[in-house]
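Structural overview
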Amino acid sequence: MTETLAFEIKKTKQSRLPELDTDNIPFGKVYSDHMFVAEYKNGEWNDLRIEPYGNLSISPANATLHYAQSIFEGLKAYRSKSGDILVFRPQANAQRLNVSASRMCVPQLPEELFMSAMTELLKVDSGWIPDKDGTSLYIRPVIFADDPYVGIRPSETYKFLIFTCPVGAYYSEPVSVKIETKYTRAVAGGVGYAKTAGNYAASLFPAVQAQKEGYDQLIWTDGQTHEFIEEAGTMNLLFLIGDTLITAPTGDSILNGITRNCVLTLARDWGMKVKEERLSVKELISAMETGELKEAFGAGTAATIAQIRRIGYAGKDYELPKERPLSQKLFNALDKIKKGEQEDKWGWVYKI
Ligand code: COI
């Protein structure tokens, strides 16, 4: 257990919890009663506090609004059958936040601060952790530049917030995706591996075009040749070709997904052949044509294990097999580990 730092805790006078409809929770639209806030100034994180969830007041010249010096994370807490609060791999998120911070010139956030802030916030808002199947409490830590300055340099002040939302599924059904070969999400030497705001903003226009064509999401290809599969923006991608599970190696342009890492760990533990290798669009199309592609799915915190039902490329749609035993097995195993219903061999679950 991480030692708890001292925070000021100011509780809401009127909880909104009675308004929560746990049978119908849309993703990312309902926020718990409180949030954690810390301020970075003069080279230190200070003013640590938990306060009622609410709007912030920022300058119109706020550096983040103009230049997107902002990083975030996403993780989930679950309520076990015995009532415990279980958080899935929070230390991995704390560490990745600092990887993003280095790339974006954001100050490092001590892991102890991340863990204590999250722990205290979850204790205060424990009533918001839903326990129905397919639900969880999504935790969103974010750090953003707070200088009011219309000039380009790293900000000298930052805010670190954590807020939480009870959520249901991000994708409620298997998704239809299009291989994108015109627009680029990330390039070598860029910020694709960082969980930073601009990556998501840049993906919107191509994603909206694909949605107009009837797809839910894009499969991004490498920015240089558009010949190799990368990730989907909301999730990493994995393909079962023959008996081998293949995913793109992480690097400059691909997020080092925590769910991706869990999937690879489980698959290896089950004795499967696993390759972290570049998969070309040509190889993928050929595997779909010959029927060697057995399954394709995404892996992400919000998306969990998101099965893919159709892949579009160059005006042609390829329907994938409707039987998807591997992704179903992975989904079930992860779901059980997260809720403390299956042995946690790798120490992934953090009990509050
Ligand atoms: C997550 O999976 O936590 C993300 O941040 C992705 C976003 C699409 C919600």
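In short, a report on the structure. (Residues numbered from 1 in each chain as written. Predicted model: local features only at pLDDT ≥ 70, side-chain atom pairs only at ≥ 80, totals over all residues. Heavy atoms only, no water.)

Pairing of strand β12 (residues 244–247) with strand β13 (residues 273–276) involves four bridges; the strand directions are parallel. Bridged to threonine 247 within β13 is glutamate 276. With helix α5 (residues 258–269) bridging β12 and the parallel β13, this β-α-β connection has right-handed handedness. (Pairing = 2+ DSSP bridges. Helix = DSSP H or I, 4+ residues; strand = E, 2+ residues; numbered from the N terminus. Right-handed = clockwise from strand over helix to strand, strands pointing away.)

Let's shift gears to the packing of aromatic side chains. Counted according to the given criterion, the structure contains 15 aromatic pairs. Taken together, a centroid distance of 4.8 Å and an interplanar angle of 90° make the contact between phenylalanine 27 and tyrosine 170 edge-to-face. You can see phenylalanine 27 sitting in the loop between β1 (8–9) and β2 (34–41) and its partner tyrosine 170 sitting in the loop between β8 (158–167) and β9 (175–180), a full 143 residues away along the chain. Between tyrosine 170 and tyrosine 171 the ring centres are 4.9 Å apart and the planes differ by 90°, which places this aromatic pair in the edge-to-face class. Classification of tyrosine 170 as partly exposed rests on a relative accessible area of 37%. Ring pairing ties together the aromatic residues Phe7, Phe36, Tyr40, Trp45, Tyr158 and Phe160, which thus form one cluster. Its end group placed over the ring of tyrosine 149, arginine 153 keeps NZ or CZ at 4.1 Å from the ring centre. (Phe/Tyr/Trp six-rings, centres within 6.5 Å; stacked < 30°, edge-to-face > 60°. Buried < 20%, exposed > 50% of the residue type's maximum accessible area, 1.4 Å probe, protein only. Lys NZ or Arg CZ within 6 Å of the ring centre and 35° of its normal.)

All right, on to helix α4 (residues 197–212) then. Taking 1.5 Å of rise per residue, 16 residues should cover 22 Å, and α4 covers 24 Å from first to last C-alpha, within 8% of that figure. The largest bend in α4 comes to about 40°, at leucine 204, with the proline proline 206 one to four residues further on. Contacts from the buried residues of α4 go to β9 and β10 (217–220). Positive phi appears at glycine 214, one or two residues downstream of α4, with a value of about 100°. (Expected span 1.5 Å × (residues − 1). Bend = angle between axes of the 7 residues up to and from the residue. Contact = heavy atoms within 4.5 Å.)

This next bit is on the packing of α5 against helix α7 (residues 325–338). α7 packs onto α5 with a crossing angle of 110° between their chain directions and a minimal axis gap of 11 Å. The angle between α5 and α7 places the two elements in the roughly perpendicular class. In contact with Thr259, Cys262, Val263 and Leu266 of α5, α7 contributes Leu330, Ala333, Leu334 and Ile337. Across the contact of α5 with α7, the residue classes break down as seven nonpolar, one polar and no charged. (Axes fitted to C-alpha atoms, helices over the stretch in contact; angles between N-to-C directions. Parallel < 35°, antiparallel > 145°, perpendicular 65-115°, else oblique. Nonpolar A, V, L, I, M, F, W, Y, C, P; charged D, E, K, R; others polar.)

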